[in-house]
Amino acid sequence: MKRLSQIFQPIITIPKNAKIKNTDITSKSQKLLLECGLVRPTSSGLFTLLPLARRSVDKLENLIKNCIETTGAQRISLPALTPANLWEKTGRIADIGPELVTLKDRHDKQYLLAPTHEETIADLLADVGPLSYKQLPLIVYQISNKYRDEHRPKHGLLRAREFLMLDAYGAHTSLDCAHTTYQRMTAAYQRLFDQLHLPVYQVRAPSGDMGGSVSHEWQLPAASGEDQIHVCVSCSQASLASESQKSCQACGANTKVLSSIEVGHTFILGTKYSDPLGAHYVPSSGPSEPVIMSCYGIGVTRLLASSLEALSTDKALRWPRAIAPYSLIIIGPKEGSKEWSALGENHVHQLHEAICRLPGLDNDVLVDDRHQMTIGKRLMMADRLGYPTIVVCGKAALDSPPRYEVYQTNTEVDATVRMATLDELLDLLSNGHDKDIAANKQ
Ligand SMILES: [Zn+2]
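Note that this is a predicted model, so its numbers are computed, not measured. (Residues numbered from 1 in each chain as written. Predicted model: local features only at pLDDT ≥ 70, side-chain atom pairs only at ≥ 80, totals over all residues. Heavy atoms only, no water.)

Caption draft 1: Layout of the overall build of the chain. Broken down by element type, the chain carries eleven helices and 23 strands. For the chain, whose C-alpha radius of gyration is 25 Å, the value lies close to the compact-globule estimate of 22 Å for 442 residues. If one aligns the C-alpha atoms of the chain with their principal axes, the spans along those axes are about 85 × 55 × 45 Å. Here the chain holds 442 residues, and 51% of them are scored as buried. The long-range fraction of contacts in the chain, counting pairs at least 24 apart against all pairs at least 6 apart in sequence, stands at 69%. Approximately 20400 Å² of the chain is accessible, and the part contributed by carbon and sulfur atoms is 50%. Each charge sign in the chain was given a centre, from 47 positive and 48 negative side chains, and these centres are 5 Å apart. (Helix = DSSP H or I, 4+ residues; strand = E, 2+ residues; numbered from the N terminus. Rg over C-alpha atoms; globule rule 2.2 N^0.38 Å. Buried < 20%, exposed > 50% of the residue type's maximum accessible area, 1.4 Å probe, protein only. Contact = heavy atoms within 4.5 Å. Areas by Shrake-Rupley, 256 points an atom, 1.4 Å probe, with all protein chains shown as cover. Lys, Arg positive; Asp, Glu negative; His and termini not counted. Charge placed at Lys NZ, Arg CZ, Asp CG, Glu CD.)

Set out below in structure tokens:
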């Protein structure tokens, strides 16, 4: 049984009437993650993920992995340290110089801590190549920490200097083949955002420093977002505000402007990296040619923080159900109460066991065993942390049959309480998963 009293969760309690001067806290997700003991800053733009946040990120990584691998992508791990000369060959070291974290080893060789790995992949393909056309398309991906020397890191995990990212790379014989992979990857992104119940919009985007011919950003609407998208009121087609018209290009209906956060980016790169780094393949006839590359990114910790920005209130965290640190918390009776003397801790253990037998919930249930605290105080804290389901074993547990208070925090009606017997509770938990709100789809 997982007990809340054993979880490493350094909560910050701000005394009433305290004057808060912490001007570094500039976003809702940053404030709540810090105060609820999920994340701690170590230095500007650098964060420790504490156990509850780490659990959520683990769940998110798993979802991403499962979605991305439907495209045939194979997982690899590339070193974060990248020889700077690779970036000199593609000219990017000059293009994004100040944002790169660079360093030298003891032999005076220059490295950078990679913010992305197009050069490393192209170098790998050159090293093992030339590949045969029969080996293509090849799609590889990794989920690893990336680095960016942000001029002004802010909003916590939304703009950090070290962050977790999915990056996938495709190698192809032709632009047609690259487009096919691109479509597959687009479908995988959509599957991921559907599973999170997040209304993420795919918008056409300029390719910028990355180069290439086709590019899309993936934008999640959130009031605190620094980007803006125009979304058609009729067909939901979206575009970046910078290139948008007042009416929708697809259907002519009006558009509305939404603030949003970029959570992913996809590109068809052409030969911008394969050509200078010599990543070639041998076609069915004729001499070898540079491969056509595509690449795909999702900011993992950024997506987590963005979803919290989109779903949470100013006072309470709200998670996509699939990535809440724990799906359910049980709050047991207060020590010394009538129900404590009558039922004791054993009743909570039995309740816990029954819930854990439900598919998908074993290992995902936490028990708030801080019995010295009132139920009300623990309920308030559980609501603030945003466990999707809170089950309270209070006075009504003395009824025959016992009944429990059940709160579902991310359903349409905020924190609706209902009384349920064990059978009703198990029934609710087995069937309740389609009742998620679709993240303020506007
Ligand atoms: Zn439209």
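Caption draft 2: Broad picture of the coordination of the zinc ion. Each protein donor to the zinc ion is listed here as C232 (SG), C235 (SG), C248 (SG) and C251 (SG); together their distances run 2.2 to 2.4 Å. Between the four donor atoms coordinating the zinc ion, the angles at the centre fall across 100 to 121°, so the site counts as tetrahedral. Here the donor residues of the zinc ion share one chain and are spaced in sequence as C-x2-C-x12-C-x2-C. With C232 in strand β13 (residues 227-232) and C251 in the loop between β14 (238-240) and β15 (255-270), this pair connects stretches of sequence that are 19 residues apart. A residue is classified by how much of its surface remains accessible, and C232, at 1% relative accessible area, is buried. We classify C251 as partly exposed; its relative accessible area is 39%. (Donors = N, O, S within 2.8 Å, 3.2 Å for Na, K, Ca; no water. Tetrahedral: all angles 85-135°; square planar, octahedral: opposite > 155°, others 65-115°.)

Caption draft 3: Up close: the side chain of H265. For H265, the location among the structural elements is in strand β15. Of the polar contacts made by the side chain of H265, one reaches the side chain of S215; its length is 2.9 Å. At a separation of 3.0 Å, a polar atom in the side chain of H265 contacts the side chain of E262. (Polar contact = N/O pair within 3.5 Å; in protein donor to acceptor, adjacent residues only side chain to side chain.)

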